[in-house]
Amino acid sequence: MTISRTSTMTSPTIPTTTLRTRPDLAGLASFRAGPTLERAIKLDSNELPYGPLASVRDVLSGAVGDVNRYPDNTGAELAARLAERYGVSPDNITLGPGSVNLCLQLAQVTCAGGDEIVIPWRSFEAYPSVAKTVGATVRTVALTADHRPDLPAMAAAISDRTRLVFVCTPNNPTGTVLGRAELEQFFDTVPDDVIVVLDEAYCEFTGDIDTLDGVEFVKQRLAEPRHNIVAMRTFSKAYGLAGLRVGYCVSAEPVSDLLKRVALPYSVNALAQRAAVASLAATGELAVRCKRISAERDRVRAALLAAGYEVPVSGANFLWLPLDAATERFKQHCLASRILVRAFPGNGVRVTIGEPDENDAFVVAARTFQCG
Ligand SMILES: Cc1ncc(COP(=O)(O)O)c(C=O)c1O
């Protein structure tokens, strides 16, 4: 079996150099995507198994001929469509080349060396990386015993040096969803001068779970002098556009204005802008695929529970198996069936929901794993 890349983070050592580079980057590991394996069932990267929505494919093929031109730097049409959808001004929208880049922009506009970023942990792996990139200190706050970001503990971790807080719901990699009341209470506790990002990358899969709509919350607050909550979403997950790289923040204008200042020119490419605009028009198609994935997720979870696994309720397109010491062995067991899952050594395994036959193959592998 040949695996062309490894899924581990690179060693944090930097090749010796006499160049005057930043010594603090020695602690920063570079991101490595999951491995590629021929004919593998790829359930390791929280992507959708489907390509772009059917109506979006046509728009994309029609747009290819224009790529000799730079894209619209302001992404005016996409910002206008998003603003229309949410009932805000385009000035409240900031586009980015993937929401991961917006995480970096948020850190850039809030933190200088020594400032602090509070994050739940375990959560989206990019949060600590962007913090270290800007020279900020990361304050990690352990998840609760039921695998959810611990909002009271996060509030308590905020200090005079805190400039930014990331809250991820549904949380990657645990899939757990924070409730409306606890989020509102948290937002009221955080000092008004500390920006809180509500990362809603997977919100389209949450279904009936009672949670807060971050964009709606930001919109209501626009009328108030408190401007510190930012909602962040992406076209990478439910919309199936991960390869095109486009995400967005909804925030009060003072925040979006700053985010736009640190954006690199032309960073959201023309195909991504066109595909995102077309995707927004395809609400019916989107709802169908999200329902399909959520139903598969619940089916796989039920099968795993029946097989004796602990699996927290998920509001995302993936499930979390807190396997602790058995994590790496489970990953290797799946690999033997050519199934790629994401292992967080010593902690757990995240499995993305794929097509029904792929999920079936995963369930078979899980059933034959010897836990003890
Ligand atoms: C919680 C969360 N936020 C943001 C992102 C970034 O997505 P993208 O940069 O593709 O928009 C991811 C990607 O996996 C994620 O899991």
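Residues numbered from 1 in each chain as written. Predicted model: local features only at pLDDT ≥ 70, side-chain atom pairs only at ≥ 80, totals over all residues. Heavy atoms only, no water.

**Student:** Report on the side chain of Gln 105, specifying residues and quantitative values.
**Tutor:** Tracing the sequence through the fold places Gln 105 in helix α3 (residues 99-110). In this view, Gln 105 contacts Pro 97, Leu 259, Val 262 and Ala 263; residues no more than four positions away in its chain are not counted. (Helix = DSSP H or I, 4+ residues; strand = E, 2+ residues; numbered from the N terminus. Contact = heavy atoms within 4.5 Å.)

**Student:** Which residues make up the pattern of salt bridges, and what values do they have?
**Tutor:** Where charged atoms from two side chains of opposite charge approach closely, those side chains can pair. For the structure on display, the rule yields 21 salt bridges. Between Asp 146 and Arg 148 there is a salt bridge, and its shortest N-O distance comes to 3.9 Å. Accessibility expressed as a relative area gives 44% for Asp 146, which makes it partly exposed. When the shortest N-O distance is used, the salt bridge between Arg 299 and Asp 360 registers 2.9 Å. Remark: Asp 360 occurs in helix α12 (residues 356-367) and Arg 299 occurs in helix α10 (residues 283-306); sequence separation between them is 61 residues. Put simply, Asp 188, Arg 221, Glu 224 and Arg 226 are held in one network by salt bridges that share partners. (Salt bridge = Lys/Arg side-chain N within 4 Å of Asp/Glu carboxyl O. Buried < 20%, exposed > 50% of the residue type's maximum accessible area, 1.4 Å probe, protein only.)

**Student:** Outline the pairing of strand β7 (residues 229-234), supporting the account with residue identities and numerical values.
**Tutor:** Of all six residues that make up β7, six are buried, and the element is covered over most of its length. Regarding topology, helix α7 (residues 214-221) serves as the crossover connection from strand β6 (residues 195-199) to the parallel β7, and that connection is right-handed. Sheet topology note: the β7/strand β8 (residues 247-250) ladder contains four bridges and is antiparallel. Within the sheet, the bridge partner assigned to Met 232 lies in β8 and is Cys 249. (Right-handed = clockwise from strand over helix to strand, strands pointing away. Pairing = 2+ DSSP bridges.)

**Student:** So what about the packing of helix α2 (residues 76-86) against helix α9 (residues 270-281)? Which residues, and what values?
**Tutor:** As a packed pair, α2 and α9 sit with axes 9 Å apart at the nearest point and diverge in direction by 25 degrees. Classified by the angle between their axes, α2 and α9 sit roughly parallel to one another. Like other packed secondary-structure pairs, α2 and α9 cross with a definite hand, here left-handed. Residues Glu 77, Leu 78, Arg 81, Leu 82 and Arg 85 of α2 form the contact with α9, whose own contacting residues are Gln 273, Ala 276, Val 277 and Leu 280. (Axes fitted to C-alpha atoms, helices over the stretch in contact; angles between N-to-C directions. Parallel < 35°, antiparallel > 145°, perpendicular 65-115°, else oblique. Left-handed = near helix turned anticlockwise from the far one by under 90°.)

**Student:** Would you mind going over the packing of aromatic side chains in detail, with residue names and values included?
**Tutor:** Applying the stated criterion across every chain yields a total of 13 aromatic pairs. The interplanar angle of 20 degrees and the centroid separation of 4.4 Å between the aromatic rings of Tyr 70 and Tyr 266 together place this pair among those described as stacked. Of this pair, Tyr 70 sits in the loop between α1 (54-63) and α2 while Tyr 266 sits in the loop between α8 (253-261) and α9, and the two are 196 residues apart along the sequence. Taking 6.0 Å as the distance between ring centres and 70 degrees as the angle between the ring planes, the aromatic pair formed by Phe 330 and Phe 362 counts as edge-to-face. (Phe/Tyr/Trp six-rings, centres within 6.5 Å; stacked < 30°, edge-to-face > 60°.)

**Student:** Pulling in residues and values, what's your account of the site of the ligand?
**Tutor:** Near the ligand there are 13 residues, and of these Ser 99, Asp 199, Tyr 202, Thr 234 and Ser 236 occur at the shortest range. Within the contact set of the ligand, an oxygen atom lies 2.7 Å away from a backbone nitrogen or oxygen of Ser 99. Expressed as a share of its isolated accessible area of 400 Å², the protein-covered part of the ligand is 92%. A breakdown of the residues in the shell around the ligand according to their chemical character gives five nonpolar, five polar and three charged. (Near = heavy atom within 4 Å. Polar contact = N/O pair within 3.5 Å; in protein donor to acceptor, adjacent residues only side chain to side chain. Areas by Shrake-Rupley, 256 points an atom, 1.4 Å probe, with all protein chains shown as cover. Nonpolar A, V, L, I, M, F, W, Y, C, P; charged D, E, K, R; others polar.)

**Student:** Describe the sheet that holds strand β2 (residues 93-96), with residues and values.
**Tutor:** In sheet architecture, strand pairing relies on hydrogen bonds along the backbone and comes in two forms, parallel and antiparallel. Strands sit in the order β2-β8-β7-β6-β5-β3-β4 across an open sheet of seven strands; the sheet is mixed. A single partner strand is all that each edge strand has here, and the edge strands are β2 and β4 (137-142). On average, each strand axis in the sheet is tilted by 25 degrees relative to the strand beside it, whichever way the strands run. Pairing of β2 with β8 involves four bridges; the strand directions are antiparallel. Opposite Ile 93, over in β8, you have Val 250 as the bridge partner. The strands touched by α3 within the sheet are β2, β3 (116-121), β5 (162-168), β6, β7 and β8, with β7 carrying the most contacts at an inclination of about 155 degrees. Of the strands in this sheet, β3, β4, β5 and β6 touch helix α4 (residues 126-133), which is tilted by about 165 degrees from β3.

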